[in-house]
Structure formats: C-alpha cells, structure tokens
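# Summary of structural features
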Amino acid sequence: MVNRLLLAIAIRVVIAISTRTFFQPDEYFQSLEVAHHAVFGYGQLTWEWLSPKPIRSIVYPALNIPVYWLLKVLSLDDTAALIWGPKILHGLVAAGTDIWLMRLTRRVAGERYVTAAFYLSLTSFFHGLSLSRSISNSAETSLTTMALSYFPWDVDMPSWSDGLCKTLVLAAVACAIRPTNAVLWTYMFAWLLWNLRRRPKDIATVLANAIPIGFLALVSIYAMDTAYYGERTFTPLNFLLTNASSVSLFYGRSPWHYYLTQAIPILCVPAIPWVLEGAYQAGKPTSSRPLKTLLGLVVWTVTVYSMAGHKEWRFIHPLLPLMHILAARSLVDSLGGDPHQSLSRRLSASHYFLPLSLPAIVYVMLFHGRAQIEVMHYVRSLAPEQSASVGFLMPCHSTPWQAYLHRPDLADDGRLWALGCEPPLQGQNVTEYKDQTDIFYESPVRYLETRFPKEVNPSFPPSPLPRSNPGVVSPTTHPWQHEWPQNMVFFGALLEHDGIRDLLTRHGYEEVWQAEYGWEGDGRRKGGVHVWRYGSAALDM
C-alpha cells in the first residue's frame with residue numbers, strides 16, 4: 001500500500017511539473033491568476049469575478065494563495081518556483097484520486113479488483129491530460145473519489161455510519177469548489193435515505209450530521225466570498241442563476257448525446273471496451289448492490305448534465321474513477337476471475353494500456369499547445385526596454401497571464417492587454433451577440449486601421465481601452481481603442497489574413513520570436529505563436 005501511495009504521488013507530481021502545454025483557460029484564469037492577484041495585487045480578473053453579481057468563489061483559488069504568499073515572503077517569486085510551486089501542489093491533490101480509488105474499489109467491488117483499477121487510473125489518458133492541472137474539475141474529481149470511498153455503501157453493516165462525517169465534509173468541499181457537484185450527492189443521499197426508510201433512528205443520524213456540516217459549509221463560503229469581494233456575496237446562488245440563463249450558451253451548445261458519444265469515449269480511452277462491458281455486468285440482476293448504485297450514479301449524473309446546453313469533457317471528470325472500477329471488474333473477470341491466479345497473470349492485460357496511452361499522454365504534456373506557454377516565458381525574460389507594452393491579438397484567454405509573467409511593470413491593463421470575450425450580461429440576444437474577439441476576426445485589418453492610431457508612438461503609451469471592463473456597462477457599443485504596443489503576440493493563422501503582414505511591416509514591426517509544436521485543431525490557433533516587435537532589426541529565437 002505504501003509503495004502504491006508513493007508511486008501515485010510520484011507520477012502525478014512528475015506529470016504536473018513536466019507539463020508544458022495549454023489545455024483550458026480556467027487552469028489559469030479561474031485559479032492561478034486569481035490567487036496571484038490576491039497575493040501580489042495585480043493580474044487579470046475575468047468577468048466572473050468582476051460582474052455586479054460574481055459567480056466564482058475564492059474557495060478554490062485560495063488553495064494556491066499560501067504557495068504564492070510563501071514565495072513572496074521568501075523572495076522566491078522571481079524564480080521558477082512561481083510556476084513549479086502550484087504545479088507540485090496540484091500534483092499532490094491529483095494523487096488523491098489514485099490513492100482513494102483503491103479504497104473505493106475495495107469497498108464497492110472487492111479486493112481483487114483494486115490493483116487493476118489503480119493501474120487503469122495511473123495510465124488513463126484523460127487523467128494524464130487534466131488531473132494534475134490547476135482546474136477545479138480536477139480537484140473536484142479527487143474530492144469526490146475520496147468522499148465516495150467513505151460513503152456507507154452497505155447500510156446493513158453495524159458500522160455503516162463510521163465514515164459518514166468524512167463523506168459529508170469532503171462532499172461539502174467538492175460542492176464549494178464546483179456547485180454542480182451537488183448533482184452527484186443528490187443521488188447518493190437520496191439512495192441512502194431510501195435504503196434507511198424503515199430505520200428512522202438511522203435517518204436521524206444522517207440528518208444530524210448532514211445539516212450542521214452543510215450549514216457550516218454554506219456559512220464558510222459566504223464568509224470567505226464576502227471577505228474577498230468586500231461586500232455580502234453568496235457565489236453559489238449567483239453561479240446557478242447565471243448558468244440557468246442564456247449566458248452559459250454563449251460558450252457553446254452541444255447536442256444531448258454529447259457525453260455519450262464524445263466525452264465518455266475520450267475520458268475512458270483506451271479502456272472504453274472494458275468500461276462498457278463492466279457497466280453491462282453491473283446492471284445485471286445478479287450484480288452486487290454497491291456496483292448497481294455506482295452504475296446508477298454514473299447514469300444519473302450523465303443524464304442530468306446532458307440536459308444543459310453547454311457541455312465539456314471535463315464536467316464529467318469526477319465520474320472517470322467510477323468507470324475505472326467498472327473497467328477493472330470486467331478486465332479481471334475476463335481473465336477467469338480465479339482468485340488464486342498469480343498477480344502478474346491477472347495484471348498482464350492492464351499493462352498493455354501503458355504503451356497505448358503513454359505516447360498520447362506525453363504528446364498532450366509536452367507538445368499540444370506548448371507554444372502558448374513558451375511565449376509567456378519569452379515575454380517574461382525580456383528586458384524592460386524591450387517590453388514597454390505587449391498586446392495579444394489572439395482568441396481571448398489563449399495564454400496564461402501574470403501568474404506566469406509576474407511583471408509588475410506590466411500590471412497596467414493598457415500596457416499588457418489581450419482581446420476580450422465578455423458574454424452578453426446585459427440581456428443581449430446570445431445568437432446575435434459578438435464579443436471583441438469576434439469583431440476582430442471579422443476583419444483584422446479593419447480593426448487595426450480603425451481602432452489604432454495611424455502611426456506608432458515610439459514611447460508606447462498605454463492603450464486607453466484595449467478591452468471592455470468586465471462588469472461595467474459601456475455607453476457605446478464596441479468602444480475599444482488601442483495604442484500600438486512595442487510587442488504584438490498572435491497565432492500564425494493571423495498572418496494568412498489578407499493585408500495583415502503588409503500592415504504590420506508598414507508600421508515598422510518585424511518578427512523576433514516564433515514557436516510551433518505539433519497539431520493545432522482550432523483554425524484561429526494554427527501556425528504557432530509569433531512575436532513581432534516595433535523597430536527590431538534582428539531575429540531573436
């Protein structure tokens with residue numbers, strides 16, 4: 001057990017610190033950037049934090065605050081520790097999924113399935129991609145796995161309630177981080193109360209624990225958010241009201257079958273055949289009650305989440321450990337299910353997953369979207385005289401921000417800016433609404449000719465309004481106005497627009513840095529990342 005614990009920690013931390021790629025904007029703008037802003041006083045806060053009714057709680061970003069605070073106190077914030085510190089922390093959090101999955105498997109399926117589930121988890125492609133990153137869904141996955149491992153799966157045992165308080169506390173923290181996690185616990189506690197329906201004293205035991213823990217969690221969220229925002233704020237309610245509106249559809253609408261036909265296959269690869277077979281076996285009348293309950297939880301959660309218009313793979317990440325249990329049972333049973341079979345024989349098939357998933361994990365760790373990270377290291381390394389101002393002409397939130405740059409000389413939004421993508425918060429029609437990024441890409445040349453001065457000011461003054469101020473209603477539509485920055489950062493795809501290369505060259509800009517790694521799926525994000533600088537005469541690679 002100790003060896004597996006150390007193995008899980010080592011693998012997740014190594015993945016975390018080795019990852020050099022960009023996956024989701026929330027990894028930075030709903031986590032690291034907020035914590036960096038709280039500790040150092042500068043950074044970019046998105047509309048979720050600045051709207052009149054903010055929808056994000058400080059609970060999850062607060063996990064990173066002690067790391068940044070310690071680096072600040074020790075004067076290590078100008079070193080690589082600024083990036084490595086949070087990575088190590090989130091690697092440790094990620095290891096909780098693998099470690100507590102063993103306990104959960106033992107309680108739901110049995111001891112002989114534990115090793116297979118553990119190695120399925122360690123070699124999971126999606127875990128390799130996402131679990132060690134600073135995304136709230138990843139912490140939610142670890143907390144959910146931990147909470148379920150203490151859940152009373154067998155209410156007929158005399159000690160059925162021994163882990164109840166741990167389950168409630170961990171579930172409360174998971175819901176504080178991701179309010180939608182309550183969907184899972186609605187099912188689990190409905191199942192628990194139904195099975196205790198003829199035992200009023202035991203129902204009272206559940207309620208006597210659940211009510212004070214739930215109340216304390218809500219009060220804690222309210223207190224932390226009120227302290228952070230400086231006024232009375234209850235973000236879970238704001239989150240639910242905002243996402244119940246059309247605002248969530250601004251970020252995309254997916255068909256009802258998205259989780260069945262896209263998300264689950266991607267999450268479970270390469271174990272999907274065993275997940276499906278394990279689910280089929282768990283649904284049989286002869287299956288054990290815990291396995292039926294586990295399968296019911298997966299079906300319930302996918303069904304409820306499928307009712308929402310906006311869907312993403314990572315939203316059902318907390319279900320992946322449960323599907324690994326189903327796959328482990330199918331995998332071990334397919335080998336004959338002989339408990340006297342040698343350990344190496346029973347695990348031989350699971351070891352085949354490593355060569356299947358390892359290349360994909362290495363690719364998403366080291367290559368896919370790497371240029372979007374490398375460019376921030378490059379900008380951070382520039383001398384002040386080479387970086388008086390930097391403008392990012394990219395789809396919004398395509399790179400990290402001050403949590404990676406850590407440049408107080410660029411703390412002014414007018415000196416370090418990127419195109420915005422605020423949603424229609426004033427009730428605009430979501431199907432007709434266009435954000436700043438949309439307006440720019442409709443005609444990049446027209447945008448640069450109409451919203452920038454005719455000539456470059458070599459003193460590079462800050463731009464007056466390079467993006468909309470989140471939460472502030474503008475008296476005019478599309479009010480953005482820029483000054484030409486010393487450095488412009490963009491994807492190579494922008495240079496394919498007619499007239500862009502000539503316009504930049506005519507204004508005195510030349511390329512000084514470029515990087516491109518692997519396949520790029522989004523049309524706007526193709527061609528690698530380029531940096532062009534005003535008045536530069538040499539290529540700086």
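Residues numbered from 1 in each chain as written. Predicted model: local features only at pLDDT ≥ 70, side-chain atom pairs only at ≥ 80, totals over all residues. Heavy atoms only, no water.

For the chain, the name recorded in an unreviewed UniProt entry is Mannosyltransferase, with Lentinus brumalis as its organism. Database annotation for the chain, UniProt heading Sequence similarities (unreviewed entry): "Belongs to the glycosyltransferase 22 family. PIGB subfamily." (UniProt positions renumbered as here; feature names shortened; annotations may be inferred.)

Before going further, it helps to examine the packing of aromatic side chains. This model, assessed by the stated rule, comprises 28 aromatic pairs. Pairing Tyr28 with Tyr404 gives two aromatic rings, centres 5.6 Å apart and planes at 90°, and the pair type is edge-to-face. Placement of Tyr28 in helix α2 (residues 26-40) and of Tyr404 in helix α20 (residues 402-405) is noted, with a sequence separation of 376 residues between them. No difference in accessibility class separates Tyr28 from Tyr404, as the two residues are buried. Aromatic pair Phe151 and Trp191: ring centres 6.0 Å apart, planes at 45°, arrangement tilted. (Phe/Tyr/Trp six-rings, centres within 6.5 Å; stacked < 30°, edge-to-face > 60°. Helix = DSSP H or I, 4+ residues; strand = E, 2+ residues; numbered from the N terminus. Buried < 20%, exposed > 50% of the residue type's maximum accessible area, 1.4 Å probe, protein only.)

Membership of the largest hydrophobic core comes to 76 residues, with the highest contact counts inside it found for Trp185 and Leu192. With nine residues, helix α16 (residues 320-334) is the largest single contributor of residues to this core. Among residues more than four places away in sequence, those in contact with Leu192 are Phe151, Pro152, Val155, Trp160, Leu164 and Val206. With 35 residues, the next largest nonpolar core counts Ile373, Val375, Leu382 and Val531 among its residues. (Core = buried A, V, L, I, M, F, W, Y, C linked by side-chain atoms within 4.5 Å. Contact = heavy atoms within 4.5 Å.)

We now examine the domain arrangement of the chain. Quoted interface sizes are often the accessible area lost when the parts come together. Domain annotation for the chain reports domain 1 (1-253) and domain 2 (369-538). The C-alpha centroid of domain 2 is placed 33 Å from the C-alpha centroid of domain 1. Of the residues lining the interface, 31 residues belong to domain 1; the matching set on domain 2 comes to 29 residues. Carbon and sulfur atoms supply 67% of the area buried between domain 1 and domain 2, which totals about 2,800 Å² over both sides. Scanning the region where domain 1 abuts domain 2 turns up zero salt bridges. (Domains from an automatic or database assignment. Buried area = accessible area lost by both parts, 1.4 Å probe. Salt bridge = Lys/Arg side-chain N within 4 Å of Asp/Glu carboxyl O.)

What follows deals with helix α22 (residues 444-451). Within the span of α22, buried status applies to Pro444, Val445, Tyr447, Leu448 and Arg451. For α22, the angular spread of buried residues about the axis comes to 165°, placing them on one side. At its buried positions, α22 is contacted by α21 (436-442), β3 (487-491) and α23 (500-506). (Arc of directions from axis to C-beta.)

It is worth spelling out the sheet that holds β3 at this point. The sheet built from five strands is open, its strands ordered β2-β1-β3-β5-β4 with mixed pairing. Either end of the sheet is taken by a strand with one partner, and the two such strands are β2 (416-418) and β4 (509-515). Averaged over neighbouring strand pairs, the angle between their axes works out to 20° when direction is ignored. (Pairing = 2+ DSSP bridges. Axes fitted to C-alpha atoms, helices over the stretch in contact; angles between N-to-C directions.)

Checked against the element boundaries, Thr19 lands in the loop between α1 (2-18) and α2. By relative accessible area, Thr19 is classed as buried at 9%. What Thr19 contacts, discounting residues up to four positions off in sequence, is Lys87, Arg133 and Met365.

Here the focus is empty space enclosed by the protein. A complete count under the given rule lists five cavities of 30 Å³ or more for this structure. In this model, the largest cavity occupies a volume close to 180 Å³. What lines the largest cavity is a set of 17 residues, and nearest its centre among them are Ile55, Arg56, Ser57, Ala176 and Ile177. Of all elements in the fold, only α2, α9 (164-177) and α12 (235-244) reach the threshold of two or more residues within the lining of the largest cavity. (1 Å grid on protein atoms, 1.4 Å probe; cavity = no way out; pocket = protein on both sides within 12 Å on 5 of 7 lines; lining within 4 Å. Points joined across faces, edges and corners; volume = space filled by probe spheres on them.)

This part takes up the side chain of Ser136. With respect to the secondary-structure elements, Ser136 resides in helix α8 (residues 136-149). With sequence-adjacent residues up to four places away left out, Ser136 is seen in contact with Tyr60, Ile177 and Arg178.

Running from amino to carboxyl end, helix α10 (residues 182-195) crosses helix α15 (residues 289-306) at an angle of 140°, the nearest separation of the two axes being 9 Å. Relative to α15, the element α10 is oriented oblique. Considering only the axes of α10 and α15, their crossing is right-handed. Between α10 and α15, the contacting residues are Val183, Leu184, Thr186, Tyr187, Met188, Trp191 and Asn195 on the first element and Arg289, Thr293, Gly296, Leu297, Trp300, Thr301, Val304 and Tyr305 on the second. Class assignment for the residues of the contact of α10 with α15 results in nine nonpolar, five polar and one charged. (Parallel < 35°, antiparallel > 145°, perpendicular 65-115°, else oblique. Left-handed = near helix turned anticlockwise from the far one by under 90°. Nonpolar A, V, L, I, M, F, W, Y, C, P; charged D, E, K, R; others polar.)

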